[in-house]
Amino acid sequence: MSGGGTTAYGRKSFQRSKAHFTDRITADGQDGWPVEAGRYRLVVSRACPWASRAVISRRLLGLEGALSLAIADPIQDDRSWRFTLDPDDRAPVLGIRFLGEAYDRRETDYPGGVSVPAIVDVPSGRLVTNDYQRITLDLATEWTALHREGAPDLYPEARRDEIDAVMADVYEDVNNGVYRAGFATGQDEYEGACARLFRRLELLAQRLAGQRYLVGDQTPGFGDTVDFDHIKRHYYQVHSSINPTGIVPLGPDLPGWLTPHHRQELGGRPFGDGTPPGPVPEAEQVPARGRP
Ligand SMILES: N[C@@H](CCC(=O)N[C@@H](CS)C(=O)NCC(=O)O)C(=O)O
């Protein structure tokens, strides 16, 4: 996930490695990967916020039948993401034990990390992309022929500039900001990241004071794709440099999230011109211990 950069004080700072495989799956197949029902498998960890974005988009757009899902164990070993939640410790359909095998089939001796979300071409077993942002945008804009009826437009043309601007700030200061703070190894670095994170949260709260969503009317409920058990076990047990004891904290109070928020009183239509998605397919339901 991270390499190390050296700060002015000589300590290592958190640096996110860039997605290396950026091929796109598109309607016209410009990169050699045309949109096709049943051809690809989305590999995620439910612990990973970047992967969750793809899981949520897939669900809202009703792509479950067209793009199947593999869920990695939240606890990695030294070969990274593995399929130890599955029978025989092998991902069904792909038949591999480690996501790294799909990376190897794509490029031998690839020096980078093995990250989720990743999309794998099922027939060849090769990784297509691990570019989380592009994956999500392409699900919204290139996979339209396979969207469910009533799927919301998650990236409306008229709002793109605004979405991109808000997303850039949220990415820099919040999404990546929590990593910068959480993985800091120096006090100065930690305090800088922390201050920046809370400054941004304050600005976002101001934006949300008078409108229900960050941009426009769209943001349907995500809760049913969240697995807090996976999130906690991954972050508290895998990153032994920042939590050597591996103790997993109790909480949060998940049912508490279901208390009425009354934010609908601010207006907005959660699905824009579309309709809510149907229930989560049975095979993909988050076990009760991990969900609100
Ligand atoms: N680097 C990815 C972001 C996704 C990411 O960082 N995923 C993390 C999990 S939250 C990961 O798989 N890291 C590899 C590791 O932990 O070994 C991208 O920019 O597309």
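Procedures and definitions
Residues numbered from 1 in each chain as written. Predicted model: local features only at pLDDT ≥ 70, side-chain atom pairs only at ≥ 80, totals over all residues. Heavy atoms only, no water. Phe/Tyr/Trp six-rings, centres within 6.5 Å; stacked < 30°, edge-to-face > 60°. Helix = DSSP H or I, 4+ residues; strand = E, 2+ residues; numbered from the N terminus. Buried < 20%, exposed > 50% of the residue type's maximum accessible area, 1.4 Å probe, protein only. Lys NZ or Arg CZ within 6 Å of the ring centre and 35° of its normal. Core = buried A, V, L, I, M, F, W, Y, C linked by side-chain atoms within 4.5 Å. Contact = heavy atoms within 4.5 Å. Domains from an automatic or database assignment. Buried area = accessible area lost by both parts, 1.4 Å probe. Polar contact = N/O pair within 3.5 Å; in protein donor to acceptor, adjacent residues only side chain to side chain. Nonpolar A, V, L, I, M, F, W, Y, C, P; charged D, E, K, R; others polar. Axes fitted to C-alpha atoms, helices over the stretch in contact; angles between N-to-C directions. Parallel < 35°, antiparallel > 145°, perpendicular 65-115°, else oblique.

Enquirer: Outline the packing of aromatic side chains, supporting the account with residue identities and numerical values.
Expert: Tallied over the full model, the rule gives 10 aromatic pairs. Look at Tyr179 and Tyr235: their rings are 6.1 Å apart centre to centre, the planes differ by 70°, and that puts the pair in the edge-to-face class. Of this pair, Tyr179 sits in helix α5 (residues 177-182) while Tyr235 sits in helix α7 (residues 228-237), placing them 56 residues apart in sequence. Overall, the relative accessible area of 5% leaves Tyr179 in the buried class. An aromatic cluster is present here, built from Trp50, Tyr132, Tyr171, Tyr179, Phe183 and Tyr235 joined pairwise through their rings. Between Arg79 and the ring centre of Phe98, over which it is positioned, the NZ or CZ distance is 4.0 Å.

Enquirer: Give me the lowdown on unusual backbone geometry, citing residues and values where you can.
Expert: Peptide bonds are mostly trans, and most non-glycine residues show a negative phi. Put simply, Val116 and Pro117 share a cis peptide bond, and its omega is 0°. A cis amide bond links Gly251 to the next residue, Pro252, at an omega of -5°. Relative to the helices and strands, Pro252 resides in the segment after α7. Positive phi is not limited to glycine here, since Asp109 has a value of about 60°. Here Asp109 is to be found in the loop between α2 (99-106) and β5 (118-121). Residue classification places Asp109 among the exposed residues on the basis of a relative accessible area of 75%.

Enquirer: So what's going on with the nonpolar core? Which residues, and what values?
Expert: One broad trend across soluble globular proteins is that nonpolar side chains are buried collectively. Ile25, Tyr40, Val43, Phe83, Leu99 and Trp143 are the most contacted members of the largest nonpolar core, which totals 52 residues. In this structure Tyr40 touches Ile25, Trp33, Pro34, Leu67, Ser68, Ile119, Val120, Asp121, Val122, Val128 and Trp143, once residues within four positions along its chain are discounted.

Enquirer: Give me the lowdown on the domain arrangement of the protein, citing residues and values where you can.
Expert: Along its sequence, the protein is carved into domain 1 (1-153 + 222-292) and domain 2 (155-219). Facing the 32 residues of domain 1 at the interface are 24 residues of domain 2. Around 2500 Å² of area is buried between domain 1 and domain 2 when both sides are counted, 55% of it from carbon and sulfur atoms. Counting across the domain 1 and domain 2 interface gives eight residue pairs in polar contact (both at pLDDT 80 or more). Listing elements by their share of the side of domain 1 that touches domain 2, those giving two or more residues are β2 (12-16), α1 (49-61) and α3 (132-141). A per-element tally of the side of domain 1 that touches domain 2 places α3 first, with five residues. Taken together, the residues that form the side of domain 1 that touches domain 2 break down as 15 nonpolar, 10 polar and seven charged.

Enquirer: How would you sum up the packing of α1 against α3? Please name residues and give values.
Expert: When two helices pack together, their arrangement is given by the angle between their axes and by how far apart the axes lie. α3 packs onto α1 with a crossing angle of 5° between their chain directions and a minimal axis gap of 9 Å. In terms of their interaxial angle, α1 and α3 are classed as roughly parallel. Contacts between α1 and α3 involve Trp50, Arg53, Ala54, Ser57, Arg58 and Leu61 from the first element and Tyr132, Ile135, Thr136, Leu139 and Ala140 from the second. A breakdown of the residues in the contact of α1 with α3 according to their chemical character gives seven nonpolar, two polar and two charged.

Enquirer: Any chance you could break down the side chain of Asn130 for me, citing the residues and the numbers?
Expert: As for its placement among the helices and strands, Asn130 is situated in the loop between β6 (126-129) and α3. For Asn130, a relative accessible area of 5% translates into the label buried.

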